[in-house]
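Here is what each chain is made of, one letter per residue.
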Amino acid sequence: MIGAHKFNVKNTLAIVSALLGLILTNALGAAEIESIAWCFYPTSFQADTTKPKQDTAGVRKDSVMQKVDSLTLSKDALDAPVEYEAADSGIIVVSAKKFYLYGKAKTLYKDMSLEANTIQYDQTSQMVKAFGSLDTSGSPQSKPNMKQGDMESLSDTIAFNFKTQRGLTQNTYYKEGELFVNAQKLKKIDEVTYFGYMGKFTTCNLDTPHFAIRTRKLKMISNKVAFSGPASPEFEGVPIPIGLPFAIFPLKQGRSSGFLPPQFTASEDFGLGLEGLGFYKVVNDNLDVTLRTNLYSFGGWTVNINPKYLKRYKYQGMMNLTVQNVKTLNRDPNIKDPFRSTRSYMLTWSHTRDNRARPGTNFSANVNFGSTQFNSTLLNNPFLNFTNQLSSSISYSKDFNGKANLSLNANHNQNNNTKLITLTLPNANFNVVTMYPFQKKDRIGSEKWYEKLGIAYSGNLQNQINVRGDQFNFKRILDTLQWGAQHNIPITLSLPSLGPITIAPSVQYQERWYGQSILRNWNDSSKRIDTVIQRGLYTGREMSFGIGFNTRIFGTYLFKKGNVKGVRHEIRPTISANYRPNMSRRDWYDLQVDTTGRKVRVSRFDGGVLGAFSEGTFGGMSFGIDNLLEMKVKNKDTTDEKKDRIIKLLDGFGFNSSYNFLADSFQLGNFNIYARSTLFEKINITATATLDPYETDNRGFRRNTIRWNARKLQFGRITNASLAVSTQWQSKPRDERKDSDRLPKDPFMTPEEQQRQLQFARANPAEFTDFNIPWSVNLSYSLNFSNQLKPDFSGFQVITHSSLNFQGDFSLTPQWKVGATGFYDFNTKAIQQLSMFITREMHCWQLAVNVNPIGLFRSFNITINPKSGILRDLRINRARTFSNQ
């Protein structure tokens, strides 16, 4: 009988294999020896099946093993190699066919790995047993840890059969996906099925979890689902007297069909309600559908259906149809009916096609169409409540080998305040790229100047419908239908530059086709303007000639001291001479607009799809100046390779205007002024203005007198202006390595889905708080001023709008954060919308409180829920909504 032989596994596997061969040669024979040795060889070692050299006795000179030409495996051998190692030692008991590893032992078999202080393997039964150990203080160490796929378990002891995949573990901590399970006993009956006794479920990854669901019996199917019998929750180890008859935990990765649980809400206008009740259906690999409903006790309801489709490298998109029947409490004492009822709908559709699907063509859609009162009746969504503009676009384009391109578009714009809906469909654009008719195919030497003469074409067809939302019908669509077409033929010539000056002559011909002519006349009897629309085919033409000059002028001022090394000023002047004959004089006429006999010049094509060409002959020049101002400073960051930093003081500042030498009045054109800058790389400023250089009468109409005051240095008057200022400030993150993006990233999410996700985050900011950023502030201010002609031509009216948007949050403690977002209207001098939140970070749970004290609806929402996705519907929610209407 051969006893146990002890050896050091960590030295070299070659010595182990040699010793094993020497010991077992006499006991079992060479064929049996090689079978056992192969089973324990690591995958980096291979059996030598080549024919060995023989001496005259038929025995290898360098080995005591007999000649073996082929490898024969025994019946109890494994079907794959086992890699193993140990820090202390290993023992082979040949007679019993057992193998022992001691001290931080590790084994790897197929996709299964096992680590423990002690590992025992019985080849006859193919049973593996693993045990932990205690350190000098009596604390456990090197507990058996088994990993297979997404499954990981930590136990006191493990007994496992390689062949049958059955096993039994004691005091096991099991992890699969986001779910953690602790069971006194865990039994594995096949590759995917487990049974447990006296277990706890949780998604908290701490050794002592903050919460758990305790059960006596449980069953788990890997990557599918986990079940339990009667269960009860506990927090911080304290049982909660709430009994559950059973529990189901989804473990399947990816999509699966199932019911969507609702959440309870209450509103004094809508009554008690259940929101979000629905069903999710996976139709196939490329299509799924989500159906949700909201039900309220006063009789209101909402139905939402949301199909999504995706085919890799082909197309992707989604559709969202919402129909709501709003039945709210009537607060008007003059109306006897206790409820008010309205029905509305909203349809959104987003579609994009991969460019690789059909090169040269593209199709996309982004549709937002619905009832004008839909947004104003939505609950718990203050941002959509104040969204009054809706727009849609569907487009198809095709490229003809880079020589021409065609695009078809359908657009929609909707104003929920005025209830005006504008549809422009279909629109067609056809463009031919610039051709050079005098250019030779086989050119020798440099190009002649006439070979750079180019001609192009662009054509546009538009159809437009304007109708109110409450008058949307087929007859009204036909009555308001307008159409028009435009042709543009530009001729360009690239001449050699004269030093720093670039010369660009041009000729352009335009022709427009109109589907209607609008004639306006003053009615003496009714004292108002009568309008007559004549339908037919009408045309208008315009031709222009021009030559342009532009250059760039640089100026630099250097500093010898200080951190500022220099300032560079770049000036970009442009000037062009233009001539345009008066080819539209027959389309303009005088129109009396009041009883005093005052007249204005109007065109019969004013108010059409394309508009009218300008009246009169233009022979003059256009001019403009653009400025860029930059500063070079020393880089204080010594780790940066760049020695200096370039800071832009002005991204752009300038103006442009024109002067008509052939006009008998108003020769000087309006000045368009603009400025762009980013101060301190934080504050974005954009400003535009239109300056009219002429005086006006008491009604605001222009007079042919230049407005100039030499004493006060005043020139002209501002007729339109806009100013936009925005900035974003935030502190440095606590952990630079941590991702600070609040929203989850999905590369396959459509733009419409991203927008809906962003809207949900704005409506529920407490649930998307980034605790890694201690504080942040976002501010944006806008000012718009315009001087517009009144609809009755009686004069001008000034329209001004100014608003401030703000958003910010800060951390009271590393676990508490408060914040607010809102909108202030300077016209009404009131806050139109305000949302506040406070949230508490609780490791595996989150407390979120959202309050909307100002808006169309006042509401508050308190939610406590786990962060884990598999327990996202396990939440405590308290919500109330009150109407301000």
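Above this text is the structure in question.
Residues numbered from 1 in each chain as written. Predicted model: local features only at pLDDT ≥ 70, side-chain atom pairs only at ≥ 80, totals over all residues. Heavy atoms only, no water.

(A) Representation of the overall build of the protein in the model. The helix and strand tally for the protein stands at five helices and 54 strands. Counting the 885 residues in the protein, one finds 37% classified as buried. A separation threshold of at least 6 residues defines the contact pool for the protein, and within that pool the share at least 24 residues apart is 51%. (Helix = DSSP H or I, 4+ residues; strand = E, 2+ residues; numbered from the N terminus. Buried < 20%, exposed > 50% of the residue type's maximum accessible area, 1.4 Å probe, protein only. Contact = heavy atoms within 4.5 Å.)

(B) Local environment of the environment of Lys327. Residue placement: Lys327 occurs in strand E25 (residues 315–329). Measuring from C-alpha to C-alpha, the distance between Lys327 and Phe339 comes to 6.3 Å, with twelve residues separating the pair along the chain. Aside from chain neighbours lying at most four places away, what touches Lys327 is Asp269, Phe270, Phe298, Gly299, Gly300, Phe339, Arg340 and Ser341.

(C) Here's a closer look at the side chain of Asn117. If you trace the backbone, Asn117 turns up in strand E5 (residues 112–122). Using a relative accessible area of 18% as the deciding quantity, one classes Asn117 as buried. One polar contact links Asn117 to Ser133, side chain to side chain, over a distance of 3.4 Å. With residues up to four places along the chain from it excluded, the contact list for Asn117 reads Leu101, Tyr102, Gly103, Lys104, Ala105, Phe131, Gly132, Ser133 and Ser142. (Polar contact = N/O pair within 3.5 Å; in protein donor to acceptor, adjacent residues only side chain to side chain.)

(D) Spatial organisation of the pattern of salt bridges. According to the stated counting rule, one finds 25 salt bridges in the structure shown. Its salt-bridge partner being Glu511, residue Arg541 comes within 3.3 Å of it at the nearest N-O pair. Of this pair, Arg541 sits in strand E34 (residues 528–550) while Glu511 sits in strand E33 (residues 502–523), and the two are 30 residues apart along the sequence. Note on Arg541: relative accessible area 31%, which makes it partly exposed. Among the ionic pairs, Arg707 bridges to Glu695, the shortest N-O distance being 3.4 Å. In this pair, Arg707 sits in the loop between strand E44 (702–706) and strand E45 (708–709) while Glu695 sits in strand E43 (residues 694–696), placing the two residues twelve residues apart along the sequence. Among the charged side chains, a network of salt bridges with common partners joins Arg552, Arg568, Glu570, Arg572, Asp626 and Glu630. (Salt bridge = Lys/Arg side-chain N within 4 Å of Asp/Glu carboxyl O.)

(E) Representation of the packing of aromatic side chains in the model. For the coordinates displayed, the defined rule picks out 25 aromatic pairs. When the centroid spacing of 5.2 Å and the interplanar angle of 90° are considered together, the rings of Phe211 and Trp845 count as edge-to-face. One end of the pair, Phe211, is in strand E15 (residues 211–221); the other, Trp845, is in strand E52 (residues 845–854), with 634 residues separating them in the sequence. Accessibility expressed as a relative area gives 4% for Phe211, which makes it buried. Judged by centre distance (5.1 Å) and plane angle (65°), the rings of Tyr659 and Phe661 are edge-to-face. Pairwise contacts between aromatic rings join Phe623, Phe655, Phe671, Trp708 and Phe715 into one cluster. For the cation-ring pair, Lys398 lies above Phe400, with the distance from its terminal atom to the ring centre recorded as 5.6 Å. The ring of Phe613 has Arg512 lying over it, and the distance from NZ or CZ to the ring centre is 4.0 Å. (Phe/Tyr/Trp six-rings, centres within 6.5 Å; stacked < 30°, edge-to-face > 60°. Lys NZ or Arg CZ within 6 Å of the ring centre and 35° of its normal.)

(F) A look at the pairing of strand E53 (residues 857–866). Pairing between E52 and E53: eight bridges, direction antiparallel. From the neighbouring strand, Gln846 faces E53, where its bridge partner is Asn865. Counting the residues that bridge the hairpin from E52 to E53 gives two residues, and of these Gly855 lies at a positive phi of roughly 150°. (Pairing = 2+ DSSP bridges.)

(G) Representation of the state of the cysteines in the model. Evaluation of the coordinates by the stated rule reveals zero disulfides. Of all cysteine sulfurs, the one in Cys844 lies closest to Cys204, which takes part in no disulfide; the gap is 3.6 Å. (Disulfide = S-S within 2.5 Å.)

(H) How the structure looks around a nonpolar patch on the surface. Together, Trp729, Trp775, Val777, Leu779, Phe810, Leu812 and Trp816 line one region of the surface with nonpolar side chains, adding up to about 630 Å² of accessible area. Elements with a contribution of two residues or more to the nonpolar patch: strand E48 (775–789) and strand E49 (796–813). Sorting elements by how many residues they give to the nonpolar patch places E48 first, with three residues. Mapping Trp816 onto the fold places it in strand E50 (residues 816–825). The exposure class of Trp816 is partly exposed, given its relative accessible area of 31%. (Patch = residues over 30% accessible without salt bridge, like charges linked within 9 Å, V, L, I, M, F, W, Y side chains within 5 Å. Areas by Shrake-Rupley, 256 points an atom, 1.4 Å probe, with all protein chains shown as cover.)

(I) Focus on the side chain of Glu176. Along the chain, Glu176 falls in strand E12 (residues 167–176). Within the buried set, Glu176 has no salt-bridge partner at all; the shortest N-O distance to an opposite charge, 9.5 Å, is to Lys175. Of note is the side chain of Glu176, whose polar atom sits 2.6 Å from the side chain of Tyr174. A distance of 2.4 Å separates a polar side-chain atom of Glu176 from the backbone nitrogen of Asn223. If near-sequence neighbours (up to four positions away) are discounted, Glu176 is found in contact with Asp150, Ser222, Asn223 and Leu251. (Lys, Arg positive; Asp, Glu negative; His and termini not counted.)

(J) Layout of the environment of Val602. You can see Val602 is positioned in strand E38 (residues 599–603). On the basis of relative accessibility, which here comes to 5%, the residue Val602 falls in the buried class. For Val602 and Asp587, which are 15 residues apart along the polypeptide, the C-alpha to C-alpha distance reads 8.4 Å.

(K) Just the pairing of strand E13 (residues 179–188), in detail. Bridging between E12 and E13 involves nine bridges; their strand directions are antiparallel. Within the sheet, the bridge partner assigned to Thr169 lies in E13 and is Leu186. Note that E13 and strand E14 (residues 193–202) share eight bridges and pair antiparallel. The residue of E14 that forms the bridge with Ala183 is Gly199. Following E13, the chain reverses through four residues before pairing antiparallel with E14.

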